[in-house]
Structure formats: structure tokens, C-alpha cells
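# Examining the three-dimensional arrangement
Here is what each chain is made of, one letter per residue.
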Amino acid sequence: QVQLVESGGGLVQAGGSLRLSCLASGRTLSAYAIGWFRQAPGKEREFVAGISRSGNKLYDTDSVKGRFTISRDNAKNTVDLQMNSLKPEDTAVYYCAARTILARSPNEYVSWGQGTQVTVSS
């Protein structure tokens, strides 16, 4: 029921930074946990980071912990993903998704954005 739109993707050189934003409409974002996922061509969609309704944060520790930071701004109805020290393997379409309870699995997320392309050149 909530509608999501991602923005902030683009082309960046390795080591650079991007800040992705997930804007919600139709429903207040505070009612949802938000997960960020990414999918590269030929690969499965994978969890990147998420934030619960209470503000607890989850990360794909092995790949993004220490480089990416997720944050919530309920007043703006947004969840942002700050991505630093980007690597070519971060290249993917990034999606935000809403669910009542935060989880790493994309299953049962009720709303998805259209995705935003992140391309990291070497």
C-alpha cells in the first residue's frame, strides 16, 4: 500500500560515495521496516541493509559493514543509504522495500521501488 521511490544512483569511480534515498508516499514510513536490496545482472537479489520501525539496523556485514550506513528520517518520510568506499562489485540496481518486520529475505516485502542504478567504475 505504501509507495516507494528510490533516487540518488549514478556512476561513480571506485572509492567514491553515493547517497541513496527511499521516499515513501501513501502511508507514513514510520509504520514500516525498510530494506535496501541490490541485484546485478545474472545474480540473485541480495539484502544490503535495513532499518526497523524502532530504528534497529541490519547490514550485510561481510560486504558493506563499515562502508554503508542506513538512516531513517520519519519527518521526511525517507530512508537513506549512505554508501562510501564504493567498489566495482557494488554495481547493481538498488531497490528499497517496505515490510512490517525487518528481515534480510526479500520475501513478504509488500512494496518495492522501481530501483536506481549504481555503477562503480574501476
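For the structure, see preceding data.
Residues numbered from 1 in each chain as written. Predicted model: local features only at pLDDT ≥ 70, side-chain atom pairs only at ≥ 80, totals over all residues. Heavy atoms only, no water.

### Here we look at the pattern of salt bridges
Our working definition: A pair is scored as a salt bridge if a Lys or Arg side-chain nitrogen falls within 4 Å of a carboxyl oxygen belonging to Asp or Glu. Exposure classes here rest on a 1.4 Å probe applied to the protein chains alone. A residue is buried below 20% of its type maximum, exposed above 50%, and partly exposed in between.
Across all of its chains, the model carries five salt bridges by this definition. Across the salt bridge formed by R38 and E46, the nearest N and O atoms sit 2.7 Å from each other. For R38, a relative accessible area of 5% corresponds to the buried category. Notably, a salt bridge pairs E108 with R99, separated by 3.2 Å at the nearest N-O pair. With a relative accessible area of 63%, E108 lands in the exposed category.

### Description of the nonpolar core
Here is the rule we go by: Residues belong to a common nonpolar core when they are buried Ala, Val, Leu, Ile, Met, Phe, Trp, Tyr or Cys residues joined through side-chain atoms within 4.5 Å. Every helix listed is a DSSP run of H or I at least four residues long, and every strand listed is a run of E at least two residues long, numbered separately from the N terminus. Whether two residues are in contact is decided by their heavy atoms: any pair within 4.5 Å suffices.
One finds I34, W36, L81, M83 and Y94 to be the most contacted residues of the largest nonpolar core, which totals 29 residues. Of all the secondary-structure elements, those providing two or more residues to this core are β3 (18-25), β4 (33-39), β5 (46-51), β7 (68-73), β8 (78-83), β9 (92-99) and β11 (116-121). Discounting chain neighbours no more than four positions away, the residues touching M83 are G16, S17, L18, L20, R67, F68, Y94 and V118. By size, the runner-up hydrophobic cluster in this structure holds six residues, among which are A33, F47, A97 and Y109.

### Side note on the packing of aromatic side chains
Selection criterion: Between the rings of Phe, Tyr and Trp (Trp by its six-membered ring), a pair exists once the centres lie within 6.5 Å; its type follows the angle of the planes, with under 30 degrees stacked, over 60 edge-to-face, and the other angles tilted. A ring has a charge above it when a Lys NZ or an Arg CZ is no more than 6 Å from the ring centre and no more than 35 degrees off the ring normal.
Applying the stated criterion across every chain yields a total of five aromatic pairs. Seen in terms of ring centroids, F37 and Y109 are 5.2 Å apart; in terms of plane orientation they differ by 80°. Their pairing is edge-to-face. Of this pair, F37 sits in strand β4 while Y109 sits in the loop between β9 and β10 (111-112), placing them 72 residues apart in sequence. The same class applies to F37 as to Y109, namely buried. When the ring centre of Y95 is taken as reference, the NZ or CZ atom of R45 above it lies at 4.1 Å. For R45, the ring lying beneath its charged end belongs to W112, and the centroid distance is 4.7 Å.

### Some remarks on the state of the cysteines
Quick reminder of the rule: In this description, a disulfide is simply a cysteine sulfur pair whose atoms lie within 2.5 Å.
A full pass over the atoms with the stated rule returns one disulfide. In this model C22 forms its disulfide with C96; the gap between the sulfur atoms is 2.1 Å. Here the S-S torsion is close to 70°, and the disulfide linking C22 with C96 is therefore right-handed. Taken together, the positions of C22 in strand β3 and C96 in strand β9 put the pair 74 residues apart, joining distant regions of the chain. Each member of the pair, C22 together with C96, is buried.

### Side note on the sheet that holds β7
Defined as follows: DSSP calls a pair of strands paired once it identifies at least 2 bridges connecting them. Axis definition: a line fitted to C-alpha atoms, limited for helices to the stretch in contact. Angles are taken between N-to-C directions and run from 0 to 180 degrees.
Across the sheet, four strands lie side by side as β1-β3-β8-β7; this open sheet has antiparallel pairing. Bordering the open sheet on either side are β1 (3-7) and β7, each of which pairs with just one other strand. Here the average twist between neighbouring strands, direction ignored, is 15°. Sheet topology places β7 next to β8; six bridges connect them, and they run antiparallel. If you follow R72 over to β8, its bridge partner there is V79.

### Details of unusual backbone geometry
Phi is positive for N77, close to 60°, though the residue is something other than glycine. Within the element layout of this structure, N77 appears in the loop between β7 and β8. Here N77 falls in the buried class, since its relative accessible area comes to 16%. Phi at S85 is positive, roughly 50°, even though this residue is not glycine. Tracing the backbone shows S85 in the loop between β8 and β9. In this structure S85 comes out as partly exposed when scored by relative accessible area, which is 41%.

Geometry only, nothing functional implied.
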